[in-house]
Amino acid sequence: MSTDVEPYAAAAADAASRGLAVSFVARTPGQRPAPVEGVELVKTIVVQTKDRFVLVLTPVDAQFSWAKLRAHLGVNKLSLPDADGAFAATGYVRGTITPLGAAGSWPVVVDARLAGRRIAIGSGSAEFGALVSADELVRAYSAAVVDLAAE
């Protein structure tokens, strides 16, 4: 691996092409990023419908409603791909998955609890996280904002 290329280069290039301001911060691989005041830690979950994948962003410690997600997507069934399937869909390994620079043009769904927040998401690299405005990410990816709070 060349040391001239940042490990989050695909994420940075994609964000720049969309006019999305991103800060990349170092993290310890295999561990959650250190808490940053005013920043919500977010997980990106790859879900699969019959004919496509969808990237779902939700607070890292929050439960979300599968029923609400299915209703939003207009499907009766969703599944979670295995690690190989998630990698094939995004180009990223679990723990680093992000819409930023992901392979494919999969729809993005952002949990409404993230609206107006600064969030920390994956960067495609286990060594870095990405800090972005959730609202700007929604705009940049034409993401749907959906109330996914578990009932």
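The protein chain goes by YbaK/EbsC family protein in an unreviewed UniProt entry, where it is assigned to Leucobacter manosquensis.

K.L.:
How would you summarise the side chain of Ser133 if you had to cite specific residues and measurements?
P.N.:
As for its placement among the helices and strands, Ser133 is situated in strand E6 (residues 128-133). If we ignore the near neighbours within four places in the chain, the residues touching Ser133 are Arg117 and Arg118.

K.L.:
Give me the lowdown on the side chain of Thr58, citing residues and values where you can.
P.N.:
The topology assignment puts Thr58 in strand E3 (residues 53-59). Take Thr58: its relative accessible area is 0%, and that puts it in the buried class. For Thr58, the contacting residues outside a window of four places in its chain are Leu41, Val42, Lys43, Ile45, Phe64, Asp111, Arg113 and Leu114.

K.L.:
Kindly report on the sheet that holds strand E7 (residues 144-146), identifying the contributing residues and their values.
P.N.:
Across the sheet, 7 strands lie side by side as E1-E6-E5-E2-E3-E4-E7; this open sheet has mixed pairing. The open sheet terminates on both sides in strands that have one partner only, identified here as strand E1 (23-26) and E7. For this sheet, the mean angle separating the axes of adjacent strands, direction not counted, is 30°. Looking at chain direction, strand E5 (residues 118-122) and E6 are connected through 5 bridges and run antiparallel. Across the sheet, residue Arg118 finds its bridge partner in E6, namely Ser133.

K.L.:
Report on the nonpolar core, specifying residues and quantitative values.
P.N.:
Leu57, Leu100, Val108, Val110, Ile119, Ile121 and Leu137 are the most contacted members of the largest nonpolar core, which totals 27 residues. Breaking this core down by element, the ones donating at least two residues are helix H1 (9-17), strand E2 (39-48), E3, helix H3 (83-90), strand E4 (108-111), E5, E6 and helix H4 (134-140). Ranked by residue count, the leading element in this core is H4, at 4 residues. Setting aside anything within four residues of it in sequence, one finds Ile119 in contact with Val39, Glu40, Val42, Leu57, Leu114, Ala130, Leu131, Val132 and Ala134. Membership of the second largest hydrophobic core comes to 11 residues, among which are Ile45, Phe64, Val146 and Leu148.

K.L.:
So what's going on with the packing of aromatic side chains? Which residues, and what values?
P.N.:
Enumeration according to the criterion identifies 4 aromatic pairs in this entry. A centroid spacing of 4.0 Å and a plane angle of 10° characterise the contact between Tyr8 and Phe24, whose relative ring orientation is stacked. One end of the pair, Tyr8, is in the segment before H1; the other, Phe24, is in strand E1, with 16 residues separating them in the sequence. A relative accessible area of 21% means that Phe24 is categorised as partly exposed. Ring centres of Tyr8 and Phe128 lie 4.9 Å apart, and the angle between their planes is 70°; on these two criteria the pair is classed as edge-to-face. Taken as a pair, Tyr8 in the segment before H1 and Phe128 in strand E6 lie far apart in primary sequence, 120 residues in all. Residue classification places Phe128 among the buried residues on the basis of a relative accessible area of 18%. A network of ring pairs unites the aromatic residues Tyr8, Phe24 and Phe128 as a single cluster.

Parameters and conventions
Residues numbered from 1 in each chain as written. Predicted model: local features only at pLDDT ≥ 70, side-chain atom pairs only at ≥ 80, totals over all residues. Heavy atoms only, no water. Helix = DSSP H or I, 4+ residues; strand = E, 2+ residues; numbered from the N terminus. Contact = heavy atoms within 4.5 Å. Buried < 20%, exposed > 50% of the residue type's maximum accessible area, 1.4 Å probe, protein only. Pairing = 2+ DSSP bridges. Axes fitted to C-alpha atoms, helices over the stretch in contact; angles between N-to-C directions. Core = buried A, V, L, I, M, F, W, Y, C linked by side-chain atoms within 4.5 Å. Phe/Tyr/Trp six-rings, centres within 6.5 Å; stacked < 30°, edge-to-face > 60°.

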